[in-house]
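Structural overview
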2 protein chains.
Amino acid sequence: MPEKLSIGVDLGGTGIKIALLSREGQIRKLLKFSTPWKAHPQAVVELIVEQTGTLLQTVGPRHIQGMGIGAAGDVDQTRGVVRISPNLGWKNVPLRDLLRRRFKKLSLFVDNDANAAAWAAYIVEAKRRVKNLLCVTLGTGVGSGLILNGKLYRGGSGSAGELGHMTLYPEGSLCACGNQGCLERYVSARALVEHVRRAIETGHGKRILRLAQNDPARIDPIVLETAARRGDGLAQHLWDQAGERLGIVLASVINLLNPEWIVLAGGVSRAGDLILTPLRRTIQERAFEAPAQCVKIVLSRLDQDLGVVGAGLLAW
Amino acid sequence: MPEKLSIGVDLGGTGIKIALLSREGQIRKLLKFSTPWKAHPQAVVELIVEQTGTLLQTVGPRHIQGMGIGAAGDVDQTRGVVRISPNLGWKNVPLRDLLRRRFKKLSLFVDNDANAAAWAAYIVEAKRRVKNLLCVTLGTGVGSGLILNGKLYRGGSGSAGELGHMTLYPEGSLCACGNQGCLERYVSARALVEHVRRAIETGHGKRILRLAQNDPARIDPIVLETAARRGDGLAQHLWDQAGERLGIVLASVINLLNPEWIVLAGGVSRAGDLILTPLRRTIQERAFEAPAQCVKIVLSRLDQDLGVVGAGLLAW
């Protein structure tokens, strides 16, 4: 009997990934696209239908276990509805029902992209050897998914995991969510880049600007990493501060939840030791000894593919 | 067949409670004692043995389901060992084995007192109608227990629930745990009282001092509540600030865990609306709308008996 496979879809505001995956989460085929203009739900569904057709050219539909979709936003997983997604510009989109009309016989699962990523980190990276895992996505924003007692933890209304909106500085800068001093305002790619752009406006950060070909719009975590590795003081300070700030909030989470693994993914995490060293130091300084010794902090190896792999794994 | 009962023991640094309980957590008999001098483990065990005898005078041992002990401190629940308890002055005390020698046929369970309290809040107060509950104890210190997905959540090494050592102010005052700006440093009974005593030293808080019969050592949450209710500005400010500060951290926990219930217990919680009103306002201001609407914040009705009731319920 041939191996059963699943289809994973990672649905973000700028890009969509569709993959054919083994039961263990190995990618057999991967397709990437830009999200259709204005991300109109029907256009997104058509794209998924069309590209799934391409994906399945060499695989019979009866070998497909099901399809899992990880969508950026607040998802009602039981009804398969994207309740709200600022990135997609969606509100109450019944994604599973829309897909159901086109995939009549396929099992369909819709969940939040951070939950999908956490599930992939748990199955593929931690290989289910631990029970409690936090998967942190340090991208344009800061998100997270939680595996607690070996299960995806969704909370009372399915909106658990908003690590980026835990308060770091109670009197800090205003966040779009309405709170002040959210972690996301300090350690997301957007926050780091904005910080540097402000420094440039006041005459600092010349070296970083040169690395960005004198175009502030080109400053991104990769430029900031390069600058720090070449000895730029501002960039080094920025990474050190980001690691410490993330460490302050993660130390709180470690004291509260005592997880065995924390997996970091997303553009900001790719700076590796630049952020990990101050992060680990801060956790040692601030968290209780027992849970600080218990927790392993790792960079995701799947990283950008966590979402699509996790979405596919949710179909099992 | 007569009803089966359980024995609950709440083991704290200053007092011990032993109760006979129904399966639903109703107290049939309750005994209270001071913790023996220096809380020597053998003396504590002897006290429990002796008083359990008193408790069982009218109940045959075969009607007893088992005994649960909730101990203040870090407990290894699988081995029944109190790993460390600053309140009892214990380190690696094999409490279950010590009790086993005296209660040969009884099922014995040892857990952390905050976990026991959370379990009682879940079974007796929330009546298992929700899946995710945080039980906060606002006493001399600040502790908590978590029920997630309908189960006691212990974390990777059994030390989850240290809400009091989540960071409120990253640059705040040093805590005995080694961290800076822990929540406990701002909203525990000890913190509130210390704050007022410092105010008195600088010539403020005269009204509060009078209510404490001019003895700063007599200032406690009850005095501070009375003062606030009689219109004392300092006391009112203190409660308002405590509610807001607790609200900042709980808003973070609500964004991360999206619990359906938060139960408040302990001396500081007895101020009721004085702390609840600013607390709820802060959560509305700072937490995401969906999880903020999902969560119900209540005062525990069992309050001081949560620990002993929960300990007994753990025996089932």
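Summarised in this report is the structure supplied together with it. Chains are numbered independently. Their residues run from 1 in the order of the written sequence. Think of it this way: whatever chain is written first is A, whatever ligand is written first is 1, and the rest follow in order. A pLDDT threshold of at least 70 governs which residues receive local features in this predicted model, and a stricter bar of 80 or more applies before side-chain atom pairs are shown or counted, although totals over entire chains, interfaces and linings include all residues. Excluded from the side-chain calculations are hydrogens and water; all other atoms, namely the structure's heavy atoms, are used.

1. Observations regarding the overall build of chain A
The following threshold applies: Elements are defined by DSSP. Helices are runs of H or I of four residues or more, strands are runs of E of two residues or more, and each kind is numbered from the N terminus. We take the radius of gyration over the C-alpha atoms and set the globule estimate at 2.2 Å times the residue count to the 0.38 power. The cut-offs for exposure are 20% and 50% of the maximum accessible area for each residue type, with area from a 1.4 Å probe on protein chains only; residues under the lower value are buried, those over the upper are exposed, and the others partly exposed. When checking whether two residues touch, look at their non-hydrogen atoms; a contact exists if any pair is within 4.5 Å. Per-residue and other accessible areas follow the Shrake-Rupley method at a 1.4 Å probe size, with only the shown protein chains counted as cover for residues. Here Asp and Glu are counted as negative and Lys and Arg as positive; His is not counted, and neither are the chain ends. In plain terms, the charge of a residue is placed at NZ if it is Lys, CZ if Arg, CG if Asp and CD if Glu.
Counting its secondary structure elements, chain A contains 11 helices and 13 strands. Against the compact-globule benchmark of 20 Å for 316 residues, chain A has a radius of gyration of 20 Å, which places it among compact chains. Summarising its shape, the C-alpha atoms of chain A cover approximately 60 × 45 × 35 Å along the three principal directions. Every one of the 316 residues in chain A was classed for burial, and the buried ones make up 60%. In chain A, 61% of the contacts between residues at least 6 apart in sequence involve partners at least 24 apart. As displayed, chain A offers around 13,400 Å² of accessible surface, 50% of which is attributable to carbon and sulfur atoms. In chain A, 40 positive and 28 negative side-chain charges are present, and the distance between their average locations comes to 6 Å.

2. Focus: the packing of helix α7 (residues 221-229) of chain B against helix α8 (residues 233-257) of chain B
All names here are of chain B. Definition in use: The convention used is that axes are lines fitted to C-alpha atoms, helices contributing only their stretch in contact, and that angles between N-to-C directions extend from 0 to 180 degrees. Reported orientations rely on four angle classes, namely roughly parallel under 35 degrees, roughly antiparallel over 145, roughly perpendicular from 65 to 115, and oblique for the rest. Should the near helix be turned counterclockwise from the far one by less than a right angle, the crossing is left-handed, whereas a clockwise turn marks it as right-handed. Lys, Arg, Asp and Glu make up the charged group, whereas Ala, Val, Leu, Ile, Met, Phe, Trp, Tyr, Cys and Pro make up the nonpolar group; the residues left over, Gly among them, are polar.
At a minimum axis separation of 7 Å, α7 and α8 run at an interaxial angle of 115°. Here α7 lies roughly perpendicular to α8, going by the angle between them. Considering only the axes of α7 and α8, their crossing is left-handed. Residue-level contacts link Pro221, Leu224, Glu225, Ala227 and Ala228 of α7 to Ala235, Gln236, Leu238 and Trp239 of α8. Split into classes, the residues belonging to the contact of α7 with α8 amount to seven nonpolar, one polar and one charged.

3. Observations concerning the interface of chain A and chain B
Selection criterion: When two components associate, each loses some accessible surface as probed by a 1.4 Å sphere; the sum of these losses over both components is called the buried area. Salt bridges are counted wherever a side-chain nitrogen of Lys or Arg sits within 4 Å of a carboxyl oxygen of Asp or Glu. Contacts described as polar in this section are N or O atom pairs within 3.5 Å, which, within protein, must combine one atom able to donate a hydrogen with one able to accept it, while residues neighboring in sequence count only if both atoms come from side chains.
Across the contact, 41 residues belong to chain A and 41 residues belong to chain B. Both faces considered, chain A and chain B share a buried interface measuring about 3,400 Å² in area, 54% of it formed by carbon and sulfur atoms. For chain A, the biggest contributors to the area lost against chain B are Tyr153(A), Leu256(A) and Arg286(A); these three give 21% of the whole. Put simply, chain A and chain B have zero salt bridges between them. For the interface between chain A and chain B, the tally reads 24 residue pairs in polar contact (both at pLDDT 80 or more). Within the residue set of the side of chain A that touches chain B, elements represented by two or more residues are β10 (142-148), β11 (151-153), α8 (233-257), α9 (273-286) and α10 (289-294) of chain A.

4. Regarding the nonpolar core
Burial of nonpolar side chains together is a common tendency in soluble globular proteins. Just so we agree on the cut-off: Only buried residues count toward a nonpolar core, which is a set of Ala, Val, Leu, Ile, Met, Phe, Trp, Tyr and Cys residues joined through side-chain atoms within 4.5 Å.
By size, the foremost hydrophobic cluster in this structure holds 108 residues, and its most contacted members are Leu163(A), Leu257(A), Leu163(B) and Leu257(B). Leaving out residues up to four positions away in the same chain, Leu257(B) has contacts with Leu146(A), Leu148(A), Tyr153(A), Gly155(A), Ala160(A), Leu256(A), Leu257(A) and Leu146(B).

5. Quick word on helix α5 (residues 189-201) of chain B
Residues and elements named next belong to chain B. What counts, and what does not: Given the number of residues in a helix, its expected span is that number minus one, multiplied by 1.5 Å.
The terminal C-alpha atoms of α5 lie 18 Å apart, and with 13 residues this matches the ideal 18 Å at 1.5 Å per residue to within 8%. Buried within α5 we find Ala189, Ala191, Leu192, Val193, Val196, Ala199 and Ile200. Those residues of α5 that are buried are in contact with α4 (184-187), α6 (206-211), α7 and α8. Gly203 occupies a position one or two residues after α5 and carries a positive phi of about 90°.

6. Regarding the side chain of Asp303(A)
Positionally, Asp303(A) belongs in the loop between β13 (296-299) and α11 (306-313). Judged by its relative accessible area of 13%, Asp303(A) is buried.

7. Structural notes on the relation of the copies chain A and chain B
We apply this condition: Least-squares fitting of one copy onto the other uses the C-alpha atoms of those residues that reach a pLDDT of at least 70 in both copies.
Note on the copies: chain A fits chain B at an RMSD of 0.0 Å, the axial shift is 0.0 Å, and the rotation between them is 180°. Those values place the two copies in the arrangement expected of a two-fold rotation axis. By C-alpha distance to the rotation axis, the residue of chain A lying nearest is Tyr169(A), at 3.3 Å. The share of interface residues of chain A whose copies in chain B are also at the interface is 100%, consistent with both copies meeting through the same surface.

8. Side note on the pattern of salt bridges
All names here are of chain A. Under the counting rule described, the total for this entry stands at 24 salt bridges over all chains. As a salt-bridge pair, Arg154 and Asp111 come within 2.3 Å of each other at their nearest N and O atoms. One end of the pair, Arg154, is in the loop between β11 and α4 (184-187); the other, Asp111, is in strand β8 (residues 108-112), and 43 residues separate them in sequence. What makes Asp111 buried here is its relative accessible area of 3%. Between Arg229 and Asp273 there is a salt bridge, with its nearest N and O atoms 2.9 Å apart. Taken together, the positions of Arg229 in helix α7 (residues 221-229) and Asp273 in helix α9 put the pair 44 residues apart, joining distant regions of the chain. For Asp273, a relative accessible area of 43% corresponds to the partly exposed category. Taken together, the shared-partner salt bridges connect Glu225, Arg229 and Asp273 into one network.

9. Structural notes on the sheet that holds strand β6 (residues 81-85) of chain A
Residue and element names in this part refer to chain A. Filter applied, for reference: A pair of strands is treated as paired once DSSP finds two or more bridges between them.
With respect to topology, three strands assemble into an open sheet ordered β5-β6-β7, the strand pairing being antiparallel. Each edge of the open sheet is held by one strand with a lone partner, namely β5 (74-76) and β7 (90-93). Mean inter-strand twist for the sheet, computed between neighbouring axes without regard to direction, equals 20°. Of the strand pairs in this sheet, β5 and β6 are connected by three bridges, and their pairing is antiparallel. Bridge pairing in β6 links Asp74 to Ile84.

All we've got here are geometric facts, nothing functional implied.
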